[in-house]
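One letter stands for each residue in the lines below.
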Amino acid sequence: MTSVELRQLRYFVAVAEELNFGRAAERLLIAGPSLSQQIKALERDLGVRLFDRDRRSVALTPAGSALLPHTRALLERADDLQRRAGRLSGSEPVRLGYVNWLPSDLTARTATVAQLHLDAWVAPSHTQAARVAAGGLDLAVCWVRTKDLEELGLRARLIGADRLYAVTTGGDTSDVAARETAVLLDNDTTSWSSWNVYAEQLAEDTGARAIRISDGGITGPAFFDHVRHSGRPVVNSPKGQTTPLPPDLVQRPVTAPEIYWTWSLVWREGEDRPAVLAVVDALCDGVGDLGLHTAGAWLPDGDPHR
């Protein structure tokens, strides 16, 4: 029992309520195989089988049915304990999730207004936005569209922006027109949904060449290999901004238009907790437009900061 985690108990409750591993995985925002492995680990640690399952159905075993109400009660007590601890410490914590970018002065700007807890699960933009909507996070720094905000019941303010550049072989570091670049789209929509939406519209609006890949090479060494074989400069995604550039490759500014990626701070509509709203103001006040509204700047349709 010492290895049983609250997270696994939450997974058990979700599967018990859905009686479908696929739907439960979507609800929990995790991969189906990972959920199945966690349930098997929980069954092993508890010493009982919780579900009877085959290819067509999932059902609670008698042991699973007996343990379910006790598990719900335990999770409620754990949540209550966390809330009470927050009140005793002077303020309830504010949970912030992110993709890969945060303001460099995050701690300094929020230290006096809230107990900010950075969530350890670094996930794609669409996942983090959905976690805020579901209540798993209070805030998230992510890329969203206006339609995402409307569908999920979220609000957003601009917190940062990246001007994207192109990476190419050779030594030419001069400007390159967007229509002369290429942009990668990955078949793994679980990981790259937001980027694919952005990249597809970039190609449509500017004439950049869209290249389909299936190896996760939007970033990292695989990205550099795609650059070497593309025959034209390849637009770098925000997730690759901090990756060291190999000596045989160079950066080129993209113009006509200048390409921008925005970072939004999102929270739930109707949020009324002072600590959450104070963090929003602390992180977003004074940000400005970051060059997004200058002549020649490009943002995709539906960007809330366009």
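Above this text sits the structure in question.
Please read all numbers here as calculations on a predicted model, not as lab measurements.

### Here we look at the layout of surface pockets
Here is step 1 of the chain: Here the largest pocket defines a volume of roughly 1200 Å³.
Here is step 2 of the chain: Lining the largest pocket are 30 residues, with Arg10, Asp79, Arg95, Gly135 and Gly136 positioned closest to its centre.
Here is step 3 of the chain: Put simply, the parts of the chain that give the lining of the largest pocket at least two residues each are α1 (6–18), α2 (21–28), α4 (62–88), β4 (116–118) and α6 (125–134).
Here is step 4 of the chain: When residues in the lining of the largest pocket are grouped by element, the largest group, 6 residues, is from α1.

### Quick look at the environment of Pro300
Here is step 1 of the chain: For Pro300, the position within the fold is in the segment after β14 (297–298).
Here is step 2 of the chain: The sequence separation of Pro300 and Asp205 amounts to 95 residues, and the corresponding C-alpha distance is 8.5 Å.
Here is step 3 of the chain: In contact with Pro300, not counting residues within four places along its chain, are Trp143, Tyr198, Gln201 and Arg306.

### Examining the packing of α1 against helix α3 (residues 32–46)
Here is step 1 of the chain: Two elements in contact, α1 and α3, have axes separated by 9 Å at closest approach and are oriented at 110 degrees. In terms of axis orientation, α1 runs roughly perpendicular to α3. Contact residues: α1 offers Arg7, Gln8, Leu9, Tyr11, Phe12 and Val15, while α3 offers Leu35, Gln38, Ile39, Ala41 and Leu42.
Here is step 2 of the chain: Its residues assigned to classes, the contact of α1 with α3 comprises 8 nonpolar, 2 polar and 1 charged.

Rules of the game
Residues numbered from 1 in each chain as written. Predicted model: local features only at pLDDT ≥ 70, side-chain atom pairs only at ≥ 80, totals over all residues. Heavy atoms only, no water. 1 Å grid on protein atoms, 1.4 Å probe; cavity = no way out; pocket = protein on both sides within 12 Å on 5 of 7 lines; lining within 4 Å. Points joined across faces, edges and corners; volume = space filled by probe spheres on them. Helix = DSSP H or I, 4+ residues; strand = E, 2+ residues; numbered from the N terminus. Contact = heavy atoms within 4.5 Å. Axes fitted to C-alpha atoms, helices over the stretch in contact; angles between N-to-C directions. Parallel < 35°, antiparallel > 145°, perpendicular 65-115°, else oblique. Nonpolar A, V, L, I, M, F, W, Y, C, P; charged D, E, K, R; others polar.

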